[in-house]
Amino acid sequence: MLLLVDLDGVVYRASRPVPGIAQLLARRAAAGDDVLYVTNNSMYERPRYVRRLRALGAPVAQERVVTSAWATARYLREAAPDVERVLVVGAGGLLRELRAAGFAVVPAASVAAALRRGEADGWQAAGRPGAVVVGLDPALTYLRLAAAADAIRAGARFVATNRDPLFPMERGLRPGAGAIVAALEAASGVPPTVIGKPAGRLLELAAASVGRSAAEAVMIGDSLATDLPAARAVGARAILMLTGVTRREQVERLSPELRPDAVAADAAELAEALDALAEVVPTA
């Protein structure tokens, strides 16, 4: 099977591993399953995830980790081959993934500095970029938003890594990339192209990276707001984990057509669900 596995809330929760999940995935990979990890988090590049997953004992290689930052860079390279210069509102991982894809990257922080010095137009100050890419930016300022909005209004493509409104941290919830995206959409009047879940592009790019179709996949995630809709968007099956942000009673309130193919509260139940789904060939 092709397994597309969310990270936070499934393999680990914040700084703590979810018991047994890494070992189960290692057994599935050894038995022949394609295991890929898909995350909306755009702040970090793939090697960081590889180190963490390897330390947990999960089966992993860099090409098996699909972040919204990597997927956004790949999407933009394929969908807009004419774009060379990109203005970025986001963290270091997003900047590095875009550079690795061959783009000339202009951090919004540098354009904000130009605006602070008195330059009136963010698009001109950024060197007339062909696209604006937006992810989670923990150091966001008003002038970074202003620079990005200027460029979008001037005609630069508007691409968002994801629309997550909140970002979970050890001490609680903080505004997510979606809060920044919403501000820029309001300021520019332009809707973005969204790569991360609940859109299906992240899953499609992940599956394509191993030469498969996302419709073949089993999405393993913990969110009713992102993981389940993304699976439905590409025709994939879905297992909802109760190890993250979703409670069983929330699933039970869903209408039958919106429920996942299986629900698992721990690694043992996930193993049973995967065995059951392995016996059913998807029709898509």
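All of the points below concern the structure found in this document. As the structure is a computational prediction, the values presented were derived from the model and not from experiment.

**As for helix α2 (residues 46-56)**
An α-helical segment advances 3.6 residues per turn. Residues three or four places apart therefore align on the same side.
And step 1. Along α2, the residues classified as buried are Arg 46, Tyr 49, Val 50 and Leu 53. On an axial view of α2, the arc spanned by its buried residues comes to 105 degrees, and they lie on one face. Among the exposed residues of α2, those oriented more than 90 degrees off its buried face are Arg 51 and Ala 55.
And step 2. The inward-facing, buried residues of α2 abut β2 (12-13), β4 (34-39), β5 (65-67), α3 (68-79) and α4 (92-100).
And step 3. Once α2 finishes, Gly 57 follows within two positions and takes phi at roughly 90 degrees, a positive value.

**Side note on the packing of aromatic side chains**
And step 1. In total, this model carries 1 aromatic pair according to the counting rule given.
And step 2. Relative to Tyr 49, the ring of Tyr 44 lies with its centre 6.3 Å away and its plane at 65 degrees, an arrangement referred to as edge-to-face.
And step 3. On the basis of relative accessibility, which here comes to 24%, the residue Tyr 44 falls in the partly exposed class.

**Side note on the packing of helix α7 (residues 142-153) against helix α8 (residues 177-188)**
And step 1. Taken N-terminus to C-terminus, the directions of α7 and α8 make an angle of 50 degrees; their axes are 9 Å apart at the nearest point. When the interaxial angle is binned, α7 and α8 end up oblique. For the crossing formed where α7 meets α8, the hand is right-handed. Contacts between α7 and α8 involve Leu 145, Ala 148, Ala 149, Ile 152 and Arg 153 from the first element and Ile 180, Ala 183, Leu 184, Ala 187 and Ser 188 from the second.
And step 2. For the contact of α7 with α8, the residue count by class is 8 nonpolar, 1 polar and 1 charged.

Reading guide: rules and limits
- Residues numbered from 1 in each chain as written.
- Predicted model: local features only at pLDDT ≥ 70, side-chain atom pairs only at ≥ 80, totals over all residues.
- Heavy atoms only, no water.
- Buried < 20%, exposed > 50% of the residue type's maximum accessible area, 1.4 Å probe, protein only.
- Helix = DSSP H or I, 4+ residues; strand = E, 2+ residues; numbered from the N terminus.
- Arc of directions from axis to C-beta.
- Contact = heavy atoms within 4.5 Å.
- Phe/Tyr/Trp six-rings, centres within 6.5 Å; stacked < 30°, edge-to-face > 60°.
- Axes fitted to C-alpha atoms, helices over the stretch in contact; angles between N-to-C directions.
- Parallel < 35°, antiparallel > 145°, perpendicular 65-115°, else oblique.
- Left-handed = near helix turned anticlockwise from the far one by under 90°.
- Nonpolar A, V, L, I, M, F, W, Y, C, P; charged D, E, K, R; others polar.

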